[in-house]
Amino acid sequence: MGKIIAIVGIDGSGKSTLIERLNVESTHFYSNVKGSNKTTNSNGKKNKFFSEFKFLVGTFLKIYIPNFYKVLKFRFLSKKNLFYDRYTYDYLILLKHKRTFFRDILYLFFYYFPQPTHLVCLNVNPEVSFQRKKEFDVEYLKNRQDKLIKTINKVNPKRVKFFDSSVNVNLPYDYLKQ
């Protein structure tokens, strides 16, 4: 049986770099998501109900079902390990922030999504993360990291290992090479 290993952290924490360095088969949890969710009626106004329903269906078809299939396949039908760049935790943060009926349904499904065999969380000083990847400001990154850690602790996966990747990326690498 294969293991599911999720590597999570804020942007610029070193997730992709770690996976590249490990030279392993990996997948990004949100790799099937493209484009935007623009739904307008004939007047050019956004139809909120249809837009949220489309978001629900699209999320199941593009994110939930493909990843659920991968997890089951690797866990029960493969002897190889599957490395994930990100996992459901980022999505739980998004869904909790913007509450609607359809998003509450998605939140439950993602909350009870199968937990990874191992979870590696790369903590990084938000200033260091910003210097690596100037996509988001430091305050946003700090807030995002706090929410990510809170979400991980709430979901409470069985095997969680936290690493400070501000300076030393060798520790998570050595841990995963074992």
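Our structure's up above, just so we're on the same page.
Computed from a predicted structure; not experimentally measured.

A. Broad picture of the overall build of the protein chain. Regarding its fold elements, the protein chain presents seven helices and five strands. Sequence-ordered secondary structure for the protein chain, helices as α and strands as β, is β-α-β-α-β-α-α-β-α-α-β-α. Against the compact-globule benchmark of 16 Å for 178 residues, the protein chain has a radius of gyration of 17 Å, which places it among compact chains. Overall, the protein chain is about 55 × 40 × 25 Å in size when its C-alpha atoms are taken along their principal axes. Of all 178 residues assigned to the protein chain, the portion counted as buried reaches 45%.

B. View of the pairing of strand S1 (residues 4-9). Counted residue by residue, S1 has six buried out of six residues, so it is predominantly covered. Judged by which residues are buried, S1 turns out to be covered on both faces: Ile4, Ala6 and Val8 on one side and Ile5, Ile7 and Gly9 on the other are all buried. In the sheet, S1 pairs with strand S3 (residues 82-85) via four bridges, with the strands oriented parallel. Residue pairing across strands places Ile5 opposite Phe83, the latter belonging to S3. Pairing geometry for S1 and strand S4 (residues 118-123), over five bridges, is parallel. In the strand pairing of S4, Val8 is matched with Cys121.

C. Spotlight on the sheet that holds S4. Strand order in the open sheet formed by five strands is S2-S3-S1-S4-S5, and the pairing between neighbours is parallel. With one partner strand each, in any of the chains shown, strand S2 (26-28) and strand S5 (160-164) form the two edges of the open sheet. Recorded for the sheet is a direction-independent mean angle of 20° between the axes of neighbouring strands. As judged from the five bridges shared by S4 and S5, these two strands associate in the parallel manner. Bridge pairing in S5 links Leu122 to Phe163.

D. Local environment of unusual backbone geometry. One non-glycine residue with positive phi stands out, namely Asn23, at about 55°. Within the element layout of this structure, Asn23 appears in the loop between helix H1 (15-22) and S2. Phi angles above zero are rare outside glycine, and Arg86 is one such case at about 80°. Its location among the elements puts Arg86 in the loop between S3 and helix H3 (88-97).

E. View of the pairing of S4. Burial within S4 is extensive, with six of its six residues counted as buried. Here S4 shows no split at all, with His118, Val120 and Leu122 on one side and Leu119, Cys121 and Asn123 on the other all buried.

F. The arrangement of a nonpolar patch on the surface in detail. On the surface, Phe49, Phe50, Phe53, Val57, Leu61 and Ile65 cluster together to form a nonpolar patch covering roughly 590 Å² of accessible area. You can see Phe49 is positioned in helix H2 (residues 48-76). Phe49 sits in the exposed class, given a relative accessible area of 59%.

G. Region of interest: the pattern of salt bridges. Taken as a whole and judged by the stated rule, the model has eight salt bridges. One salt bridge connects Arg86 with Asp11, and the closest N-O pair in it is separated by 3.0 Å. Residue Arg86 is located in the loop between S3 and H3, and its partner Asp11 is located in the loop between S1 and H1; the two are separated by 75 residues in the primary sequence. In this pair, the class of Arg86 matches that of Asp11, namely buried. For Asp90, the salt bridge is made with Arg86, and the minimal N-O distance between the two is 3.3 Å. Assessed through its relative accessible area of 13%, Arg86 is described here as buried. Residues joined in a network through salt bridges with shared partners are Asp11, Arg86, Asp90, Lys133 and Arg144.

Reading guide: rules and limits
Residues numbered from 1 in each chain as written. Predicted model: local features only at pLDDT ≥ 70, side-chain atom pairs only at ≥ 80, totals over all residues. Heavy atoms only, no water. Helix = DSSP H or I, 4+ residues; strand = E, 2+ residues; numbered from the N terminus. Rg over C-alpha atoms; globule rule 2.2 N^0.38 Å. Buried < 20%, exposed > 50% of the residue type's maximum accessible area, 1.4 Å probe, protein only. Pairing = 2+ DSSP bridges. Axes fitted to C-alpha atoms, helices over the stretch in contact; angles between N-to-C directions. Patch = residues over 30% accessible without salt bridge, like charges linked within 9 Å, V, L, I, M, F, W, Y side chains within 5 Å. Areas by Shrake-Rupley, 256 points an atom, 1.4 Å probe, with all protein chains shown as cover. Salt bridge = Lys/Arg side-chain N within 4 Å of Asp/Glu carboxyl O.

Honestly, that's just the spatial picture; any functional story needs more than this.
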